[in-house]
Amino acid sequence: MNIIIKDIEHIREAAHEFIEVFHDCFSDSNAVKCFAFYAPMGAGKTTFIKAICEELGSTDVITSPTFAIVNEYEVTNCQLSTVNCQLIYHFDLYRIKKMEELYDIGADDYFYSGNPCFIEWPEMAESALPDETIKITITPQNDGSRIVSFSI
């Protein structure tokens with residue numbers, strides 16, 4: 001299945017579609033909600049995750065957690081009555097060089113918290129991710145659009 005992001009002006013529509021596709025993950029408090037985003041540098045991972053967080057109801061300032069490794073956003077304004085989350089965790093694992101670094105920040109506590117975890121640059125951490133992690137690939141197109149692909 002694919003979601004097309006035609007351009008930056010349509011990114012919120014794509015984020016809404018993403019939430020609809022994964023509605024069960026966001027509404028079931030017991031579901032693992034880890035989403036691993038694979039894409040080249042500059043493909044729009046952070047921008048798309050920002051749009052998803054905003055659609056889920058976060059009014060926090062959403063930025064890349066490149067240096068913090070993980071950012072936490074509060075969900076205070078969710079318009080989707082069936083979405084069940086109060087926090088969103090946003091990871092950027094680009095700087096992780098050893099698995100021990102991931103364990104040092106308590107990644108398992110985040111991954112199994114029941115809150116959505118959006119993970120950029122998950123390649124280093126694949127062995128630590130829950131089996132239920134959903135792999136998302138963003139592929140830039142020549143016309144500037146993005147194809148967001150995944151399998152359920």
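Throughout what follows, the structure given in this document is the object of discussion. (Residues numbered from 1 in each chain as written. Predicted model: local features only at pLDDT ≥ 70, side-chain atom pairs only at ≥ 80, totals over all residues. Heavy atoms only, no water.)

**A short note on the overall build of the chain**
Filter applied, for reference: Strands here are runs of E lasting at least two residues and helices are runs of H or I lasting at least four, both read from the DSSP assignment and numbered beginning at the N terminus. When we talk radius of gyration, it's over C-alpha atoms, and the globule rule is simply 2.2 Å times the number of residues to the 0.38. Think of it in three bands: residues with accessible area under 20% of the maximum for their type are buried, residues over 50% are exposed, and the middle band is partly exposed, with areas taken using a 1.4 Å probe on protein chains only. Every residue pair with non-hydrogen atoms within 4.5 Å of one another is taken to be in contact. Only the protein chains shown count as cover for residues, and all accessible areas are computed by the Shrake-Rupley method using a 1.4 Å probe. Counted as positive: Lys and Arg. Counted as negative: Asp and Glu, with His and the chain ends omitted from the count. To locate a charge, the coordinates of NZ of Lys, CZ of Arg, CG of Asp or CD of Glu are taken.
Across its full length, the chain carries five helices and seven strands. Listing every helix and strand of the chain by position from the N terminus yields β-α-α-β-α-β-β-α-α-β-β-β. For the chain, the C-alpha radius of gyration of 14 Å lies close to 15 Å, the compact-globule estimate for 152 residues. C-alpha extents for the chain along the principal axes are approximately 40 × 35 × 30 Å. For the chain, the residues scored as buried account for 46% of the 152 residues in total. Sequence separation of at least 24 residues holds for 63% of the intrachain contacts in the chain that already meet a minimum separation of 6. Of the accessible surface of the chain, which amounts to about 7,700 Å², a share of 48% is contributed by carbon and sulfur atoms. Of the side chains in the chain, 10 bear a positive and 24 a negative charge, and the two mean positions are spaced by 6 Å.

**So, the pattern of salt bridges**
Put simply, the test is: Salt bridges are counted wherever a side-chain nitrogen of Lys or Arg sits within 4 Å of a carboxyl oxygen of Asp or Glu.
Enumeration according to the criterion identifies three salt bridges in this entry. A salt bridge links R12 to E54; the shortest N-O distance between them is 3.2 Å. With a gap of 42 residues between them, R12 in helix α1 (residues 11-21) and E54 in helix α3 (residues 45-56) connect regions that are remote in the sequence. The exposure class assigned to R12 is partly exposed, which follows from its relative accessible area of 38%.

**Here we look at the environment of K6**
Relative to the assigned elements, K6 resides in the loop between β1 (2-5) and α1. Residue K6 is classed as exposed on the basis of its relative accessible area, which comes to 52%. Along the chain, K6 and G144 lie 138 residues apart, while their C-alpha atoms are 7.4 Å from each other. When residues no more than four places from it in sequence are discounted, the contact partners of K6 are G144 and S145.

**Observations concerning the sheet that holds strand β6 (residues 134-140)**
Note: strands within a sheet are paired through backbone hydrogen bonds, in either parallel or antiparallel orientation. Rules: What makes two strands pair is DSSP finding at least two bridges between them. For helices, the fitted axis covers only the stretch in contact; all axes are lines through C-alpha atoms, and the angles between them, taken along N-to-C directions, range from 0 to 180 degrees.
Within the open sheet, the seven strands sit side by side as β1-β7-β6-β2-β5-β4-β3. Their pairing is mixed. Strands with a single pairing partner mark the edges of an open sheet, and in this sheet they are β1 and β3 (70-74). Shown here is a sheet whose adjacent strand axes are inclined to one another by a mean of 20°, direction ignored. In this structure, strand β4 (residues 87-92) lies alongside strand β5 (residues 117-120), joined through four bridges in parallel fashion. Paired with F91 across the bridge in β5 is I119. Along the sheet face, α1 touches β1, β2 (34-38), β5 and β6 and points at about 165° away from the line of β1. Packing of α3 onto the sheet brings it into contact with β1, β2, β3, β4, β5, β6 and β7 (146-149), and relative to β5 it is tilted by some 170°.

**Structural notes on the nonpolar core**
Cut-off, in case you're wondering: Joining through side-chain atoms within 4.5 Å is the link that ties buried Ala, Val, Leu, Ile, Met, Phe, Trp, Tyr and Cys residues into a set, and such a set is a nonpolar core.
Residues F18, F35, F37, F48 and F118 are the most contacted members of the largest nonpolar core, which totals 30 residues. Those elements that provide at least two residues to this core are β1, α1, α2 (23-27), β2, α3 and β6. With six residues, the top contributor of residues to this core is α3. Those residues in contact with F35 that sit more than four places away from it in its chain are F18, F22, C25, F26, C117, F118, I119, T133, I134 and I136. Counting 18 residues, the second largest nonpolar core, distinct from the first, contains C34, A36, Y38 and A128.

Interpretation note: all reported values are geometric properties and have no functional meaning in isolation.
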